[in-house]
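# Chain and residue survey
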There are 2 protein chains.
Amino acid sequence: MARRQLPPLNALRAFEAFGRHGRMTLAAEELCVTHGAVSRQIRQLEDHLGVALTEGPRSRLRMTEAGLKLAQALTPAFDQIAAASPRRAPDGPRPLVVSCLPTFAMKWLIPRLPGFQATHPEIPVRVAESNGPFDFKADGVDLAIRMRPIGDDRSDDSEVTPFMDHFHGPVMAPERARAGMDLAEVLALPRLLTRTFVESWSDWALGLAVEDLPAPASEQEFDHYFYMLEAAAAGLGVAIGPWAFVQRDLASGRLVAPLGFIPGRSRIVALTPIEGGSPRALAFRDWLLAEGASTPLPPQAACDSRGGR
Amino acid sequence: MARRQLPPLNALRAFEAFGRHGRMTLAAEELCVTHGAVSRQIRQLEDHLGVALTEGPRSRLRMTEAGLKLAQALTPAFDQIAAASPRRAPDGPRPLVVSCLPTFAMKWLIPRLPGFQATHPEIPVRVAESNGPFDFKADGVDLAIRMRPIGDDRSDDSEVTPFMDHFHGPVMAPERARAGMDLAEVLALPRLLTRTFVESWSDWALGLAVEDLPAPASEQEFDHYFYMLEAAAAGLGVAIGPWAFVQRDLASGRLVAPLGFIPGRSRIVALTPIEGGSPRALAFRDWLLAEGASTPLPPQAACDSRGGR
DNA sequence: CGGGCCATGTGAAGAAACCTCACAGAGACC
DNA sequence: GGTCTCTGTGAGGTTTCTTCACATGGCCCG
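Summarised in this report is the structure supplied together with it. (Residues numbered from 1 in each chain as written. Chains lettered and ligands numbered in written order. Predicted model: local features only at pLDDT ≥ 70, side-chain atom pairs only at ≥ 80, totals over all residues. Heavy atoms only, no water.)

## Quick word on the protein's contact with DNA strand C
What counts is decided by this rule: Nearness of a residue to a molecule or strand requires only that one of the residue's heavy atoms be within 4 Å of it. Pairing of N or O atoms within 3.5 Å defines a polar contact, subject to two protein rules: one partner must be a possible hydrogen donor and the other a possible acceptor, and residues neighboring in sequence count only if both atoms are side-chain atoms.
Surveying the vicinity of DNA strand C reveals 19 residues, the closest of which are Thr34(A), Met24(B), Thr25(B), Ser39(B) and Arg58(B). Among the atoms of DNA strand C close to the protein, meaning within 4 Å, 65% are from sugar or phosphate groups. Thr34(A) is positioned with one of its backbone polar atoms (N or O) 2.6 Å from a phosphate oxygen of DNA strand C. Contact distances for DNA strand C include 3.1 Å between a phosphate oxygen and a side-chain N or O atom of Gln41(A).

## Considerations on the sheet that holds strand β8 (residues 219-222) of chain A
Residues and elements named next belong to chain A. Short version of the rule: In this description, strands pair whenever DSSP reports at least two bridges between them. Helix and strand definitions follow DSSP, with helices as H or I runs of at least four residues and strands as E runs of at least two, each counted in order from the N terminus. Every angle, taken between N-to-C directions, lies between 0 and 180 degrees, and every axis is a line fitted to C-alpha atoms, over only the stretch in contact when it is a helix.
As summarised here, the arrangement of the eight strands in space is β4-β3-β5-β10-β6-β9-β7-β8, forming an open sheet in which the pairing is mixed. The strands lining the two open edges of the sheet, one partner per strand, are β4 (125-129) and β8. The average angle at which neighbouring strand axes cross in this sheet is 30 degrees, direction not considered. Relative to β8, strand β7 (residues 191-194) runs parallel, the two sharing four bridges. The partner of leucine 192 across the bridge, within β8, is glutamine 220.

## Concerning the pairing of strand β6 (residues 158-171) of chain B
Residue and element names in this part refer to chain B. Using the following cut-off: Under the scheme applied here, a residue whose accessible area is under 20% of the maximum for its type counts as buried, over 50% as exposed, and between as partly exposed, the area being computed with a 1.4 Å probe on protein chains only.
Of all the 14 residues making up β6, eleven are buried; the element is thus mostly covered by neighbouring parts of the structure. Two elements, β6 and strand β9 (residues 238-242), share four bridges in a ladder whose sense is antiparallel. Bridge pairing in β9 links proline 170 to isoleucine 240.

## Here we look at the packing of helix α1 (residues 9-21) of chain A against helix α3 (residues 35-49) of chain A
Residue and element names in this part refer to chain A. Which entries qualify depends on this criterion: Our angle categories are set so that under 35 degrees counts as roughly parallel, over 145 as roughly antiparallel, 65 to 115 as roughly perpendicular, and the remainder as oblique. Note on convention: the crossing is left-handed when the near helix lies turned anticlockwise from the far helix by less than a right angle, right-handed when the turn is clockwise. Here, two residues are considered to be in contact whenever any of their heavy atoms come within 4.5 Å of each other. Residue polarity is assigned by list, with Asp, Glu, Lys and Arg as charged and Ala, Val, Leu, Ile, Met, Phe, Trp, Tyr, Cys and Pro as nonpolar; anything else, Gly included, falls into the polar class.
Interhelical geometry of α1 versus α3 gives an angle of 110 degrees and a closest axis separation of 8 Å. When the interaxial angle is binned, α1 and α3 end up roughly perpendicular. Crossing geometry of α1 relative to α3 is assigned as left-handed. Residues Asn10, Ala11, Leu12, Ala14, Phe15 and Phe18 of α1 form the contact with α3, whose own contacting residues are Gln41, Ile42, Gln44 and Leu45. Partitioning the contact of α1 with α3 into residue classes produces seven nonpolar, three polar and no charged.

## A short note on the pattern of salt bridges
The criterion, for reference: In what follows, salt bridge is the name for a side-chain nitrogen of Lys or Arg lying within 4 Å of a carboxyl oxygen of Asp or Glu.
Summed over the entire model, instances satisfying the criterion amount to 28 salt bridges over all chains. Note that Arg112(A) and Glu291(A) form a salt bridge whose closest N and O atoms lie 3.5 Å from each other. Residue Arg112(A) is located in helix α5 (residues 102-119), and its partner Glu291(A) is located in helix α10 (residues 279-294); the two are separated by 179 residues in the primary sequence. For Arg112(A), a relative accessible area of 17% gives the class buried. Here Glu159(B) and Arg285(B) are joined by a salt bridge, their closest N and O atoms 3.5 Å apart. Remark: Arg285(B) occurs in helix α10 (residues 279-294) and Glu159(B) occurs in strand β6; sequence separation between them is 126 residues. Glu159(B) gets classed as partly exposed once you look at its relative accessible area, which sits at 36%. Residue classification places Arg285(B) among the buried positions, given a relative accessible area of 15%. What emerges from the salt-bridge pattern is a single network uniting Lys107(A), Glu230(A), Asp249(A) and Arg254(A).

## Focus on the packing of aromatic side chains
Aromatic rings considered in pairs are described by the distance between their centres and by the relative angle of their planes. Residues and elements named next belong to chain B. This is how the line gets drawn: Classification of ring pairs uses Phe, Tyr and Trp, with its six-membered ring standing for Trp, and accepts pairs whose centres are within 6.5 Å; under 30 degrees between planes counts as stacked, over 60 as edge-to-face, and the remaining range as tilted.
Enumeration according to the criterion identifies 26 aromatic pairs over all chains in this entry. With 5.3 Å between their ring centres and 50 degrees between their planes, phenylalanine 284 and tryptophan 287 make a pair best called tilted. Note that phenylalanine 284 and tryptophan 287 are positioned in helix α10 at a spacing of three residues, about one turn of the helix. The class of phenylalanine 284 is buried, set by a relative accessible area of 0%.

All we've got here are geometric facts, nothing functional implied.
Rendered as structure tokens:
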């Protein structure tokens, strides 16, 4: 008689967070619980569905294809729920609202936020994740972080402050890579794309001074950057990963970048209202500049603009 | 640090079910819990959000506008989750799959299903709710229920069996209605539409031999029939309601139909595969015919084809 | 107008789910 | 081999959810 037979919702939420972060420990942090709780929830979900959602050794867990598919559907569903749920007005002072690309927030900004809080404990920060355009006034945004082509630093209603260069390169699971892999080999692998930045491959090729990329073995498109990167980690193919997004996964060995990284045609910029940028927003911008300057640069590209071996 | 601050998910599920059914008791039945549990969940959700989601006396509860907005967003989100969640294969015999319009399922078919089960306990039935086209083989559908214009009883791949006539008329909350209300008064009210049947008003006007409807005070469109009807019950305006869908709400007084009902240009039909319709599907079709014949007809239309007073 | 009916609100107690703590196992890296 | 990181798990406590039974309040009908 039940119209729907939904899996346990809390387990779905836990798995969705795991899907985005790629590690239970991080998902647990987001949900404000211990890693054990997340482990149990995901286990419960797998039992309920009768499908393996994770695979690999405990120390380097990845999603199965079924898991990736489920997580990709869950993220927009929960986003929709979050967007539709009115929030009661907070008691404290209005936080500084920073609009940011979701993956940049997760992989770069949020891990560094405690540093900002340490220097400016009086400024509460709220990160609003968004890919698209925004309006300072209508959306209550104080500062936005976006990608901008180099040179395109003019805007009618915002001041553009580049604070970090953008390097990118092909990344994949260690099992797919070989020592001394060359360009042709990489291009022969299945390619992974993200809908939020479909030009990634052509942009990267342009940086290599390669006009036309050969057709790939296959292509697969994802709705979000982080799912594309998780798919790469799961061994489904090769993705163009921005240095800032994959730095930690490279360090931990979940991903490798056999061709290294090259500078992209964009920079990561902070946007502030052209007039009346609040002191708090300017303080945040200054902190971004300092953090950008102290972020390590990628290793020397193993494959420079001459291409191939 | 939490990326999202989602309300309690189980409370959202309870409220979503309440939103579709319009009554806690029915929602509780769907969720296989008692009405008290649903009542508490919704109360918890209202406390969490700090927003009233329901209003009106206990015996005739309705959603507030905020509640309607939330419920409308939750339904597709949960649908998406349900669609993405793989289900383990059931143990028992393959059930008879009946594809049906969601609102017809909820308001007419499901309340009568126990009657079918009583006569045919050996045939398990699964109701698959769907608005769109379907494929008997690809979707595993044994029988489908759809609306069909009268006379359009031919089909390449299915046998069409009309089993119930379609009557419709404007319905609204009792507070919006007056005794002796006439056509002009009804047409002056805010109009409610549903995306799944946008022609409802023009179809109804055609039945009245009225060529052009005057522009309404305002229009509001909903994604589902049942939300449009809930909006009508909440007093947001007037909707064209099919007799089969609103019969129970009229009986209970949640809705009134001051102009009565007139025959529509469609009939409700059962579709079975043109060849190899299983005996189980035919048994179900026969049962539909009997149920359709025994469904009471609407009261005499207070407003016939001459229109107005 | 009073009794019956229906649907929801609620107190208290029991049931279920969840979380934490602490430790174990398993790779990875040096 | 030692150490670090991350996940799996047993036991036990805590919170949350449900149920049952009854109360409340509106509607209908005679």
